[in-house]
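Remarks on the overall topology
This is what each chain is made of:
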Amino acid sequence: MPSLKDLKNRIGSVKNTRKITKAMQMVAAAKLRRAQDAAEAARPYADRMAAVMAGLTANAAGSASAPRLLAGTGADRKHLLVVMTSERGLAGGFNSTIVKLARQHADRLRGEGKEVAIMTVGKKGREQLKREYGSLFVNHVDMSEVKRVGYDNARAIADDVLDRFEAGDFDVATIFYNRFESVISQVPTARQIIPAEMPEGEAAGGASALYDYEPGEEAILADLLPRSVATQIFAALLENAASEQGARMTAMDNATRNAGEMIDRLTTEYNRSRQAAITKELIEIISGAEAL
Amino acid sequence: MADTMQFDLVSPERRLVSVPVREVRLPGTDGDLTAMPGHAPTIVTLRPGLVTVVGADGSQTEFAVTGGFVEISADSVSLLAERGHPREEMTQAVYNDMMAEARRRRQAVEGKRDSVGEDVVTAAVKLLADMEALGTHVGLDPNQSTVPA
C-alpha cells in the first residue's frame, strides 16, 4: 500500500505528463493543418502531370523504343526500397506500420531470390530496419533539418534514385509511405515508381489523341519521366508529413485521455486511504476513551 | 469565340497564378510561341525564359520560369514549372540560386559523359546558356553565382 505522500507525488507527475501530451496534441493539430494545406496545394501540379503522363505513356508503352524509366530494364532482379518515415517518435504506430510493410516486402523479394537494397528517409525507419537489414542500406536521407518539406527535398531524393537507376544499381524502385486517409486513419502504402506504373486504361487512350506535341512525344516523355518521379516522391513526402502529424495527434489524444483516467483512479485511491487513515485514528481515540 | 481563356501557372508546391487572359507568350524548347484562345490542343516543353501573360484588360505580366511544360487547349493554358517567379520577384539572389543549380547540373553530367550520352550533356549546356540569356534579359548578372562556371 503506497503512502499518502507517494500517491500525491504520483498524481502530480501524471498531471504533468498530461499537460505535455495535451500540448503535443495541439502542436500536432496545428502542424497537421499546415501539412494538409501543403498537400492540397501540391495537388493541381500532380494531377496535371499525371494526366499528361497518362496520355503519353499509353502511346509509348507499345513501342520498342520506350524509355527505360517507363519500360523498365527488362529484368526484375534488383529492387530498391525507399522507406519514408519520420524523424521523431511519439506518433503511435506511424513508423512501425511503414517499417512492417517494407519488411514484408523485403522478405518476400529475398525469398524469391532477388537482390534488395534499401534507402531510408527519416531517422526512425532507419533505426528500426538497421539490425535486420543494415547490410542492405545504400543511402540515408536526413530530414531532421527540414522544417517544411519542399520540392527541392523531393528533387534531391529523386536525383539520387535516378542516378542509381542510370548506373544500373536496380531494376525496380518502390516507395513506402503512409497515405493520409483521415486524421485517425493512415494507410501504409507501397508504390512502384520505376518503371512507371501504367495508368488504368480508360483515361489514357482518349487524352493523347487530342494533343499535338512539340517537340515529339518521345522527347517530351524523356523530359517528363524524371520530373514525374520527383513529383511522385514529393507527393509521398507530403502525404507522409500529414500522416505523421495525424498519427501523433491521435496518439497524443489517447495519451491525454489515459492520463486523465489514471489521475481519476489515483485520486480515488488517495481519498480512500486518507479516509481510512482518519477512520483508523478515530477508532484508536474511541477505543482509548472506552478503555478508561 | 470567347476572347479570353484560363491561364494557370502551377509549381509543384502551389498554384501561383490563375487568371483569365487574352494571350500567353511562351519560351518553347523549339522556339517561342504565343497561345491565344482557340489554339489547337498542344503540349510543349519550355526552356528557361520569360513567360508574358496578357490579361483580360490588356495588362502585361511577366514570369520567369526554369523549364517545365505547358498544356494548351482551346480555352485554357496550364503551365507546369518547377520554379516560377513574377519578374519583380526575380532578384539577384533568386537568380543566383537558379544559376548555381544549372551549373551544378552541367558539371554533374559532364562528369559522367560516357554513361549518359552526348545528348544529355548538350541539353545541360543549352539549359545553362538559356539560363544566362534569361538573366541578361531581365538585367541580372549571371556571373555572381557562387558555383563557378
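Here is what the cut-offs are and how they apply
- Residues numbered from 1 in each chain as written.
- Chains lettered and ligands numbered in written order.
- Predicted model: local features only at pLDDT ≥ 70, side-chain atom pairs only at ≥ 80, totals over all residues.
- UniProt positions renumbered as here; feature names shortened; annotations may be inferred.
- Helix = DSSP H or I, 4+ residues; strand = E, 2+ residues; numbered from the N terminus.
- Rg over C-alpha atoms; globule rule 2.2 N^0.38 Å.
- Buried ≥ 20, exposed ≤ 12 C-beta atoms within 10 Å, placed from the backbone.
- Contact = placed C-beta atoms within 7 Å.
- Axes fitted to C-alpha atoms, helices over the stretch in contact; angles between N-to-C directions.
- Parallel < 35°, antiparallel > 145°, perpendicular 65-115°, else oblique.
- Left-handed = near helix turned anticlockwise from the far one by under 90°.
- Nonpolar A, V, L, I, M, F, W, Y, C, P; charged D, E, K, R; others polar.
- Domains from an automatic or database assignment.

If you check an unreviewed UniProt entry, chain B appears there as ATP synthase epsilon chain from Paracoccus acridae. Under the UniProt heading Subunit (unreviewed entry), the entry covering chain B gives this text: "F-type ATPases have 2 components, CF(1) - the catalytic core - and CF(0) - the membrane proton channel. CF(1) has five subunits: alpha(3), beta(3), gamma(1), delta(1), epsilon(1). CF(0) has three main subunits: a, b and c."

As annotated in an unreviewed UniProt entry, chain A carries the name ATP synthase gamma chain and is attributed to Paracoccus acridae. Checking UniProt for chain A, the heading Sequence similarities (unreviewed entry) contains the comment "Belongs to the ATPase gamma chain family." Per its UniProt entry, chain A bears the Function (unreviewed entry) comment "Produces ATP from ADP in the presence of a proton gradient across the membrane. The gamma chain is believed to be important in regulating ATPase activity and the flow of protons through the CF(0) complex."

Below, the discussion takes up the overall build of chain B. On a plain count of helices and strands, chain B comes out with three helices and nine strands. In chain B, the order of α-helices and β-strands from amino to carboxyl end is β-β-β-β-β-β-β-β-β-α-α-α. Its C-alpha atoms give chain B a radius of gyration of 16 Å, within 12% of the compact-globule value 15 Å for 149 residues. Dimensions of chain B, computed from the C-alpha atoms along their principal axes, are close to 50 × 30 × 25 Å. For chain B, the proportion of its 149 residues judged to be buried stands at 38%. Considering only contacts within chain B whose residues lie at least 6 apart along the sequence, 52% involve residues at least 24 apart.

What follows concerns the packing of helix 5 (residues 151-166) of chain A against helix 7 (residues 217-291) of chain A. Residue and element names in this part refer to chain A. Contact pair helix 5 / helix 7: the axes reach a minimum separation of 8 Å and the direction vectors enclose 125°. The pairing of helix 5 with helix 7 is recorded here as oblique in orientation. Helix 7 is crossed by helix 5, and the crossing has right-handed handedness. Across the interface between the two elements, Tyr151, Asn153, Ala154, Arg155, Ile157, Ala158, Val161 and Leu162 from helix 5 touch Pro226, Val229, Ala230, Ile233, Phe234 and Leu237 from helix 7. For the contact of helix 5 with helix 7, the class distribution of residues is 12 nonpolar, one polar and one charged.

Moving on to the environment of Ser135 of chain A. Tracing the backbone through its elements, the reader meets Ser135 of chain A in the loop between helix 4 (123-133) and strand 3 (137-141). Taking the C-alpha atoms as reference points, Ser135 of chain A and Ile118 of chain A, 17 residues apart in sequence, are found 9.1 Å from one another.

We now examine the packing of helix 1 (residues 92-111) of chain B against helix 3 (residues 118-138) of chain B. Each pair of packed helices can be described by the angle between their axes along with the distance between the axes. All names here are of chain B. At a minimum axis distance of 9 Å, the contact between helix 1 and helix 3 shows a crossing angle of 160°. Taken as axis vectors, helix 1 and helix 3 run roughly antiparallel relative to one another. Where helix 1 crosses over helix 3, the handedness of that crossing is left-handed. Contacts between helix 1 and helix 3 involve Tyr95, Met98, Met99, Ala102, Arg103, Arg105, Arg106, Val109 and Glu110 from the former and Val120, Val121, Ala124, Val125, Leu127, Leu128, Met131 and Gly135 from the latter. Of the residues that constitute the contact of helix 1 with helix 3, the class distribution is 12 nonpolar, one polar and four charged.

This paragraph deals with the domain arrangement of chain A. Residues and elements named next belong to chain A. Split into domains, chain A comes out as domain 1 (4-22 + 253-283) and domain 2 (26-251). On a C-alpha basis, the centres of domain 1 and domain 2 stand 48 Å from each other. At the interface, four residues of domain 1 touch four residues of domain 2. Broken down by element, the residue count for the side of domain 1 that touches domain 2 peaks at three residues, all from helix 7. Partitioning the side of domain 1 that touches domain 2 into residue classes produces one nonpolar, one polar and two charged.

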